[in-house]
Amino acid sequence: MEDLGLPCVHCGLCLNTCPTYRVLGTEADSPRGRIYIMEAVKRGALELDADARAHLDACLGCLACETACPSGVSYGARIEEFRPQLREGMLAQLRYKFIDATAVRGRGLDFALGFARLMDSAGLERLRRYLPALDVLPGRTSETTRGTTCADLSPLMRSSVAAPTTPRLRVGLLTGCASDRMLPEINRDCVEVLHRNGIAVIDVQGQGCCGALSLHAGDAINAKRLARANARAFASSNLDFVVTTAAGCTATQRDSARLLHGADSGLGERTRDVCELLVEAGFKLPANTVGRGTNVAYHDACHLAHGCSITDAPRAVVAAATGRPPTDLGENEVCCGSAGSYNIEHPLMGRRLGDRKAELVDQAGIDLLAVGNAGCILQITRSLRARAMPTRVVHPVQLLADAYRASESILGS
């Protein structure tokens, strides 16, 4: 049985950080209310009927409530324990199989991306943007790319900068299951930035999905299988660290020791978000900066901020790339509505949360927004596009890659 930590004292300090409570204002759609439901079901005082399932299933799993909680309640462990029960029933099973085939295994995602690009080529992109699931996918060329990239190539092959011959560190890059297919330029730029800083990125065969989507869907068995496969793959490569560019992957791999009961071969301890590693190892400041004359902001990805307590490092990377600290967007503790596959499973709530981020961008006059997670980038970009706002949304490491290239251009001229 999972260690669920201290009991909730129902103080309510978590309420304002809960995305669903902020939108719906109902107790049952808050962390406190969900804990009431779960405890009542465990005591047998409440049946896990359709209404109870709906309130629990609506949780994004963003962990903002844990950050806000003064008592250190392990809400994430509590809801994770209930996820398998939420998968019961034909509709829930079909939904999970769709997510598994689409994101975890990739076949469905490749088909969806191909279909989306076919629609765009036929001049039907505006129509596609109204279709659930297809609306969040990038177009023929994603909004963040500067040229043609190919997700079939490894990030090492995409990068134009070779690995250092005498590296300071040897790292493996978790390429991810969904983000690398949708926004492959993030991992390409990650490799380039690491190589420019004397950190060699090693091609690790046998790696795959980190298990985050399976865990969120209540399939702990598959999540453990995926985590175990990654632990074996990265353990055999003689690495100093394992680098990630997606917040959910960072948090899940950091938690792999708990998930695998200590049999993760040190994968959790060695996992670093790319910005975290750059700050920890020390990175060179670019001679030139990007984004001059624009208002640049950083917004926290939930599982970096709440799952890993990583908030300063991405801001330091953005500041180095742009030459100034990023603007505070506001409501950084509140999820954008991406939350893995949440915006596909709960499109209406996901869209409302994404639209709120677009409102904040509009109010603050942001021209360039950095977020440390591909899902957040796609989610917020969708809401900005719906408002016809030109704000560019990128990963912090992309800004640093741009700054290095700009510096190289200046030095070479």
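Engineer: Tell me about the nonpolar core, residues and numbers included.
Structural biologist: Ranked by size, the top nonpolar core spans 73 residues in total, and within it V171, L194 and L369 carry the most contacts. Here this core gets 7 residues from one element, more than from any other, and that element is helix 23 (residues 396–412). Contacts of L194, omitting those with residues within four sequence positions, involve V171, I199, V201, V243, V274, L277 and L278. Judged by nonpolar contacts, the second largest core, of 18 residues, contains A52, L56, C65 and L86.

Engineer: Could you give an account of unusual backbone geometry, naming the residues involved and the relevant values?
Structural biologist: If you check the backbone angles, A339 has positive phi at about 50 degrees while not being a glycine. Its place among the elements puts A339 in the loop between strand 6 (327–328) and helix 20 (342–345). Look at A339 and you get buried, because its relative accessible area is 18%. Located in the positive-phi region is A388, a residue other than glycine, with phi close to 60 degrees. Inspection of the secondary structure assignment puts A388 in the loop between helix 22 (374–386) and strand 8 (392–394).

Engineer: An account of the pairing of strand 3 (residues 241–244) is requested, with residue identities and associated values reported.
Structural biologist: On strand 3, burial covers both faces: F241 and V243 on one face and V242 and T244 on the other are all buried. One ladder, built from 3 bridges, connects strand 1 (residues 169–173) with strand 3; its direction is parallel. Within the sheet, the bridge partner assigned to V171 lies in strand 3 and is F241. Pairing analysis gives 3 bridges linking strand 3 to strand 4 (residues 271–273), with the strands arranged parallel. Bridged to V243 within strand 4 is R272.

Engineer: For the packing of helix 2 (residues 31–43) against helix 3 (residues 50–57), give the residues involved together with the corresponding values.
Structural biologist: Where helix 2 contacts helix 3, the two axes come as close as 10 Å, and the packing angle between them is 135 degrees. On the basis of the axis angle, helix 2 is oblique to helix 3. Note on packing geometry: the crossing formed by helix 2 with helix 3 is left-handed. Across the interface between the two elements, R34, I37 and M38 from helix 2 touch A52, H55 and L56 from helix 3. Grouping the amino acids of the contact of helix 2 with helix 3 by side-chain chemistry returns 4 nonpolar, 1 polar and 1 charged.

Engineer: I'd like to hear about the packing of aromatic side chains, residue by residue, with values.
Structural biologist: If you walk through the whole model with that rule in mind, you get 0 aromatic pairs. Over the ring of Y404 we find K284, and its NZ or CZ is 5.7 Å from the ring centre.

Engineer: Describe the pairing of strand 5 (residues 296–299), naming the residues involved and giving the relevant values.
Structural biologist: Here strand 5 shows a buried face lined by V296 and Y298 and a second buried face lined by A297 and H299. Here 4 bridges tie strand 5 to strand 7 (residues 368–371), and the two strands are oriented parallel to one another. Paired with A297 across the two strands is L369, which belongs to strand 7. Inspection of the sheet shows strand 5 paired to strand 6 by 2 bridges, in the parallel sense. Pairing of Y298 across the sheet is with D328, part of strand 6.

Engineer: Outline the sheet that holds strand 8, listing residues and values.
Structural biologist: As summarised here, the arrangement of the 4 strands in space is 6-5-7-8, forming an open sheet in which the pairing is parallel. Here the strands that pair on one side only, and so sit at the sheet edges, are strand 6 and strand 8. Across the sheet, helix 19 (residues 312–322) touches strand 5 and strand 7, and the angle it forms with strand 5 is around 165 degrees.

Engineer: Tell me about the sheet that holds strand 2 (residues 199–202), and name the residues and values.
Structural biologist: If you walk across this open sheet you meet the 4 strands as 2-1-3-4, and the pairing is parallel. Looking along the sheet, the strands with just one partner apiece sit at the ends: strand 2 and strand 4. Shown here is a sheet whose adjacent strand axes are inclined to one another by a mean of 40 degrees, direction ignored. Sheet topology places strand 1 next to strand 2; 4 bridges connect them, and they run parallel. Looking across to strand 2, one finds that G172 is bridged to I202.

Engineer: Explain a nonpolar patch on the surface to me, using residue names and the numbers behind them.
Structural biologist: A cluster of nonpolar side chains, contributed by F111, F115 and L118, occupies part of the molecular surface with about 350 Å² of accessible area. With respect to the helices, strands and loops of the structure, F115 is situated in helix 7 (residues 107–121). A residue is classified by how much of its surface remains accessible, and F115, at 37% relative accessible area, is partly exposed.

Engineer: Any details on the pattern of salt bridges? Residues and values, ideally.
Structural biologist: A full pass over the atoms with the stated rule returns 25 salt bridges. For E125, the salt bridge identified is with R129, shortest N-O distance 2.9 Å. Its relative accessible area of 12% is what places R129 among the buried residues. Where R254 meets E276, a salt bridge forms, and the shortest distance between an N and an O atom there is 2.4 Å. With a gap of 22 residues between them, R254 in helix 14 (residues 247–254) and E276 in helix 17 (residues 274–281) connect regions that are remote in the sequence. With a relative accessible area of 18%, E276 lands in the buried category. The network of salt bridges with common partners includes R188, D189, E192, R196, R392, D402, R405 and E408.

Calculation criteria
- Residues numbered from 1 in each chain as written.
- Predicted model: local features only at pLDDT ≥ 70, side-chain atom pairs only at ≥ 80, totals over all residues.
- Heavy atoms only, no water.
- Core = buried A, V, L, I, M, F, W, Y, C linked by side-chain atoms within 4.5 Å.
- Buried < 20%, exposed > 50% of the residue type's maximum accessible area, 1.4 Å probe, protein only.
- Helix = DSSP H or I, 4+ residues; strand = E, 2+ residues; numbered from the N terminus.
- Contact = heavy atoms within 4.5 Å.
- Pairing = 2+ DSSP bridges.
- Axes fitted to C-alpha atoms, helices over the stretch in contact; angles between N-to-C directions.
- Parallel < 35°, antiparallel > 145°, perpendicular 65-115°, else oblique.
- Left-handed = near helix turned anticlockwise from the far one by under 90°.
- Nonpolar A, V, L, I, M, F, W, Y, C, P; charged D, E, K, R; others polar.
- Phe/Tyr/Trp six-rings, centres within 6.5 Å; stacked < 30°, edge-to-face > 60°.
- Lys NZ or Arg CZ within 6 Å of the ring centre and 35° of its normal.
- Patch = residues over 30% accessible without salt bridge, like charges linked within 9 Å, V, L, I, M, F, W, Y side chains within 5 Å.
- Areas by Shrake-Rupley, 256 points an atom, 1.4 Å probe, with all protein chains shown as cover.
- Salt bridge = Lys/Arg side-chain N within 4 Å of Asp/Glu carboxyl O.

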